[in-house]
Amino acid sequence: MLRKKLTDISNKDVVIAPSLLAADFTSLKSEIEQTKRAGVEVLHIDVMDGHFVPNISMGVPVLQCIRPITDQIFDVHLMISHPLKYISSFVRAGADHITFHIESEDNAEQVINEIRKYSITVGMSLKPGTDLEALLPYLGQIDMILIMTVEPGFGGQSFMANMMPKVRLLREEISKSGSNVHIEVDGGIDHKTVSTVVKGGANVLVAGTSVFKYCDGIEKAVLALKKNAS
Ligand code: DX5
Ligand code: ZN
């Protein structure tokens, strides 16, 4: 059976995308199964190269390992300096969606074309210090914009409320164009901040710490986020 795609989901639907970075890697299979039981359709996978960001996380071997155990959409967030070189490897390992950073060192048009070559969806992201205007010219060519609400590199940081004007402006632009581009936010999303981002117009909500380290377990964490988002 064909896996669901990001384009099958409306950008008016709120989606919780747990970030595996905060999972217990000794029990990855069980943690993923718990997200499935909570109805999670999108898993966020953070890839860091120790160069674009000052941290190294997971890569192709982890995707290969977990691809056979779930049909969830793999939303791969590349925090790497040279995305172009690695796209084919991530696609072969099972990526359904790839987001790269506008601040990376590769040519954005080339990266978009390379991702499109494999018929998967494309996302572009911007760090807190980058203006939304840098991404707007690409709006017609991509499926999702990821607005970072922390400095990329680490989980467990505090939500930057001053990123909300970007979210609101982007929602206005997307509504004007009538397109189905998704607005993803990433960093510090928890049971308190979730309502702010949804009200601002974000619909794909990455949550690491608040899902995998939640006191009552993963399933309840996802349900609580969904409840507070509405
Ligand atoms: C940060 C990553 C995030 C991170 C979010 O660079 O892109 O996806 O895992 O973690 P929390 O939800 O703990 O802020
Ligand atoms: Zn991320």
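Provided above is the structure to which this section pertains.
Throughout, a residue's number is its position along its own chain's written sequence, starting from 1. Ligands are numbered from 1 and chains lettered from A, in the order in which they are written. Restriction of local features to residues with pLDDT of at least 70 applies here, the model being predicted, together with a cutoff of 80 or more for giving and counting side-chain atom pairs; totals for whole chains, interfaces and linings are based on all residues. Note: side-chain values were computed over all heavy atoms of the structure, leaving out hydrogens and water.

Engineer: Could you clarify how one ought to interpret the packing of aromatic side chains in this entry?
Structural biologist: Centre distance and the angle of the planes are the two values used to describe a pair of aromatic rings. Each pair of aromatic rings taken from Phe, Tyr and Trp, with Trp reduced to its six-membered ring, is defined by centres within 6.5 Å and is described as stacked if the planes are under 30 degrees apart, edge-to-face if over 60, and tilted in the remaining cases. What the rule picks out here adds up to 0 aromatic pairs. Note on geometry: a ring has a charge over it if NZ (lysine) or CZ (arginine) is within 6 Å of the ring centre and within 35 degrees of the ring normal. Just above the ring of Phe74 sits the side chain of Arg67; from NZ or CZ to the centre is 3.6 Å. Against the face of Phe52 rests Lys127, its NZ or CZ located 4.7 Å from the ring centre.

Engineer: Explain the layout of surface pockets here, please?
Structural biologist: Any space left empty among the atoms is revealed by the rolling of a water-sized probe across them. Size it by volume and the largest pocket reaches roughly 340 Å³. As for the largest pocket, its lining consists of 28 residues, of which Gly155, Gly156, Gly187, Gly188 and Thr209 are closest to the centre. Elements are defined by DSSP. Helices are runs of H or I of four residues or more, strands are runs of E of two residues or more, and each kind is numbered from the N terminus. Those elements that place two or more of their residues in the lining of the largest pocket are β2 (42-48), β8 (204-207) and α7 (209-212). Looking at which element gives the most residues to the lining of the largest pocket, the answer is β2, with 3 residues. A cavity here means a set of points on a 1 Å grid, drawn over the protein atoms and nothing else, where a 1.4 Å probe fits but cannot get out; a pocket is an open set with protein on both sides within 12 Å along at least five of seven lines, and a residue lines either one if it has an atom within 4 Å of a point. Grid points are joined across faces, edges and corners, and a volume is the space filled by probe spheres set on the points. The space that makes up the second largest pocket amounts to roughly 170 Å³. Around the second largest pocket, the lining residues are Lys4, Ile9, Asp13, Val14, Val15, Ile16, Gly39, Val40, Glu41, Val222, Lys226 and Ala229. Mapped by element, the contributors of at least two residues to the lining of the second largest pocket are β1 (15-18) and α8 (218-229).

Engineer: Help me out: how do you make sense of the coordination of the zinc ion (ligand 2) in this one?
Structural biologist: Around the zinc ion (ligand 2), the donor atoms from the protein are His44 (NE2), Asp46 (OD), His77 (ND1) and Asp186 (OD), and they sit 2.0 to 2.3 Å away. Here the zinc ion (ligand 2) is ringed by 6 donor atoms whose angles at the metal span 68 to 167 degrees, and the overall shape comes out octahedral. Positions of the donor residues of the zinc ion (ligand 2), expressed as sequence spacing, correspond to H-x1-D-x30-H-x108-D. For Na, K and Ca the donor cut-off is 3.2 Å, while for other metals it is 2.8 Å, and in both cases only N, O and S atoms qualify; water is not among them, so sites may look incomplete. Every geometry call rests on angle ranges, with four donors termed tetrahedral when all angles are between 85 and 135 degrees, four termed square planar and six termed octahedral when opposite donors are over 155 degrees apart and all others are between 65 and 115, and everything else termed irregular.

Engineer: In this structure, what is going on with the pattern of salt bridges? I would like to understand it.
Structural biologist: Working definition: two side chains of opposite charge can pair if their charged atoms are close together. Salt bridge, as used here, is a side-chain nitrogen of Lys or Arg placed within 4 Å of a carboxyl oxygen of Asp or Glu. In this structure the tally under the stated criterion is 7 salt bridges. Residue Arg3 pairs with Asp96 through a salt bridge whose shortest N-O separation is 2.8 Å. In this pair, Arg3 sits in the segment before β1 while Asp96 sits in the loop between α3 (83-92) and β4 (97-101), placing the two residues 93 residues apart along the sequence. Each residue is assigned to one of three classes by its accessible area relative to the maximum for its type, calculated with a 1.4 Å probe on protein chains only: buried under 20%, partly exposed between the two thresholds, exposed over 50%. The class for Arg3 is partly exposed, based on a relative accessible area of 31%.

Engineer: Could you clarify how one ought to interpret the pairing of β2 in this entry?
Structural biologist: Regular strands show a simple pattern: their side chains alternate between the two faces of the sheet. Among the 7 residues of β2, 7 are classified as buried, and the element is accordingly described as predominantly covered. Residues Val42, His44, Asp46 and Met48 of β2 are buried on one face, and the alternating residues Leu43, Ile45 and Val47, pointing to the opposite face, are buried as well. What makes two strands pair is DSSP finding at least two bridges between them. As paired strands, β2 and strand β3 (residues 73-79) are joined by 7 bridges and run parallel to one another. Note on β3: the bridge partner recorded for Leu43 is Phe74. As for the winding sense of the linkage, the β-α-β connection from β2 through helix α2 (residues 60-66) to β3 is right-handed. Handedness rule for crossovers: strands pointing away from the viewer, path from the first strand over the helix to the second running clockwise, crossover right-handed.

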